[in-house]
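What follows is each chain in one-letter form.
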Amino acid sequence: MDDGIVSINDASLNITSSAILYGLSVYTVFPVLVVGGAKKIFRLQDHYDRLLKSAKIIGIDTFEKDWNFEKFKEAVSLLVKANDIIERVFVRATVHVDAEVAGTLSRGLSTCLSMFVYEGASILPENGARIKTSVWRRIPDYAIPSRAKVNGAYVNSVLGKQDALDSGYDDCLFLDVSGHVCELSAANIFIVRDGILSTPHAEHDILEGINRKTILELAKDMGIPTSERTIDLTELYIADEIFACGTSAFVTPVLEVDARKVGNAEIGTLTSEIRDRYNTIMEGEDNNYLTTVS
Ligand code: PMP
């Protein structure tokens, strides 16, 4: 919490803080990989940058002044050393507006940074997920911007995910306000049609996922044609392959959408190739994407 290690039970926020009252906190989640004896973080600079951008969009302006990348990296290193990490875990790093009874504003208010580690398990069934179009729409950029990872906005994800679970599915598929495909509750989506890998363009109210960006880079390296574009819901019904990706979703095949099987309801060829390549990175075998912290 801020500069020091505290026990999880002592890491508290005041109930009068804007973080509690309005969900006025921005966050990111990244994996710590255990490679031999070393601990490595996947795309740490990207996670720091996105945290900064989320804060900037919302108008939380004290974080950047207090925390440069080097200081942030040192805090991650301290956290990793303080915990007995023997296998992959996730770190949730959050910038909270901790000013008390500040009213509905964001600028010039004090913030604190918290980070904790937790189990690095997938939020989706790893062998394949079943998803359902949500009765809830994704929050549009002109209301609460999805590209800012702001805590309060996650009520939208909670509504979507719970509705999907209540209906017996693994996750929701969010559409944007125009009815185009967006993302899942906490993962981006890719489809394969006729050998082309497509994902909704960033204009469609998605979180600009760090794994989404990685998959696009990997696919290009592997010679797979890619496209960021508008995707209709019915394209999902006839797609050859679909997968979700994200820090806590990894690369997970989607095998059913709204009671329609995707392809023959087995992991597709391109999904399988991309997942293998992605897993190589997650096993710590590609230092291009990794920062060693201890
Ligand atoms: N969309 C949403 C809404 C998310 O919460 C997440 C998880 N952070 C993602 C997409 C995937 O983003 P990333 O690849 O950066 O984990």
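Note that the structure is predicted; figures quoted are calculated from it, not measured.

About the cut-offs
Residues numbered from 1 in each chain as written. Predicted model: local features only at pLDDT ≥ 70, side-chain atom pairs only at ≥ 80, totals over all residues. Heavy atoms only, no water. Core = buried A, V, L, I, M, F, W, Y, C linked by side-chain atoms within 4.5 Å. Buried < 20%, exposed > 50% of the residue type's maximum accessible area, 1.4 Å probe, protein only. Helix = DSSP H or I, 4+ residues; strand = E, 2+ residues; numbered from the N terminus. Domains from an automatic or database assignment. Contact = heavy atoms within 4.5 Å. Near = heavy atom within 4 Å. Polar contact = N/O pair within 3.5 Å; in protein donor to acceptor, adjacent residues only side chain to side chain. Areas by Shrake-Rupley, 256 points an atom, 1.4 Å probe, with all protein chains shown as cover. Buried area = accessible area lost by both parts, 1.4 Å probe. Salt bridge = Lys/Arg side-chain N within 4 Å of Asp/Glu carboxyl O. Nonpolar A, V, L, I, M, F, W, Y, C, P; charged D, E, K, R; others polar. Phe/Tyr/Trp six-rings, centres within 6.5 Å; stacked < 30°, edge-to-face > 60°. Lys NZ or Arg CZ within 6 Å of the ring centre and 35° of its normal.

(A) Structural detail: the nonpolar core. Val 26, Phe 30, Ile 60, Phe 63, Phe 72, Val 76 and Met 115 are the most contacted members of the largest nonpolar core, which has 36 residues in total. Elements with a minimum of two residues in this core: β1 (25-35), α2 (44-58), α4 (69-82), β3 (89-97) and β4 (111-119). For this core, the domains that each give at least three residues are domain 1 (8-121) and domain 2 (129-282). When sequence neighbours within four positions are dropped, the list of residues in contact with Met 115 reads Phe 72, Ala 75, Val 76, Leu 79, Val 91, Arg 92 and Ala 93. Judged by nonpolar contacts, the second largest core, of 27 residues, contains Phe 90, Ile 215, Leu 216 and Phe 250.

(B) The site of the ligand, seen in detail. Around the ligand, a shell composed of 15 residues is seen, among which Arg 50, Tyr 154, Glu 183, Asn 211 and Thr 247 lie nearest. Between the ligand and Lys 149, the relevant distance is 2.8 Å, taken from a nitrogen atom to a side-chain nitrogen or oxygen of the residue. With respect to the ligand, the side chain of Tyr 154 contributes an N or O atom lying 2.5 Å from an oxygen atom. Computed on the free molecule, the ligand has an accessible area of 380 Å², of which 98% lies beneath the protein chains in the complex.

(C) Region of interest: the domain arrangement of the chain. Looking at the assigned domains, one finds that the chain contains domain 1 (8-121) and domain 2 (129-282). Between domain 1 and domain 2, the C-alpha centre-to-centre distance is 25 Å. With 23 residues of domain 1 at the contact, the number on the domain 2 side is 21 residues. Interface area for domain 1 against domain 2, summed over the two sides, is near 1,900 Å², with a carbon-plus-sulfur share of 64%. Considering only the surface of domain 1 that becomes buried against domain 2, Tyr 27, Phe 42 and Arg 50 emerge as the three largest contributors, covering 32% of it. Across the contact surface, domain 1 and domain 2 share two salt bridges. A salt bridge links Lys 213 to Asp 46; the nearest nitrogen and oxygen atoms lie 2.6 Å apart. The interface formed by domain 1 and domain 2 contains nine residue pairs in polar contact (both at pLDDT 80 or more). Among the elements that line the side of domain 1 that touches domain 2, the one with the most residues is β1, at eight residues. When the residues that make up the side of domain 1 that touches domain 2 are grouped by side-chain class, the tally is 12 nonpolar, seven polar and four charged.

(D) View of the packing of aromatic side chains. Under the defined criterion, the tally for this structure stands at nine aromatic pairs. Here the aromatic rings of Phe 42 and Tyr 289 are separated by 6.0 Å at their centres, their planes lie at 45°, and the arrangement is tilted. One end of the pair, Phe 42, is in strand β2 (residues 38-42); the other, Tyr 289, is in the loop between α8 (269-282) and β14 (290-292), with 247 residues separating them in the sequence. An identical accessibility class is assigned to Phe 42 and Tyr 289; each is buried. A network of ring pairs unites the aromatic residues Tyr 48, Phe 63, Phe 69 and Phe 72 as a single cluster. Positioned above the aromatic ring of Tyr 27, the side-chain terminus of Arg 92 is 3.7 Å from the ring centre. Sitting over the ring of Tyr 237, Arg 260 keeps its end group 4.0 Å from the ring centre.

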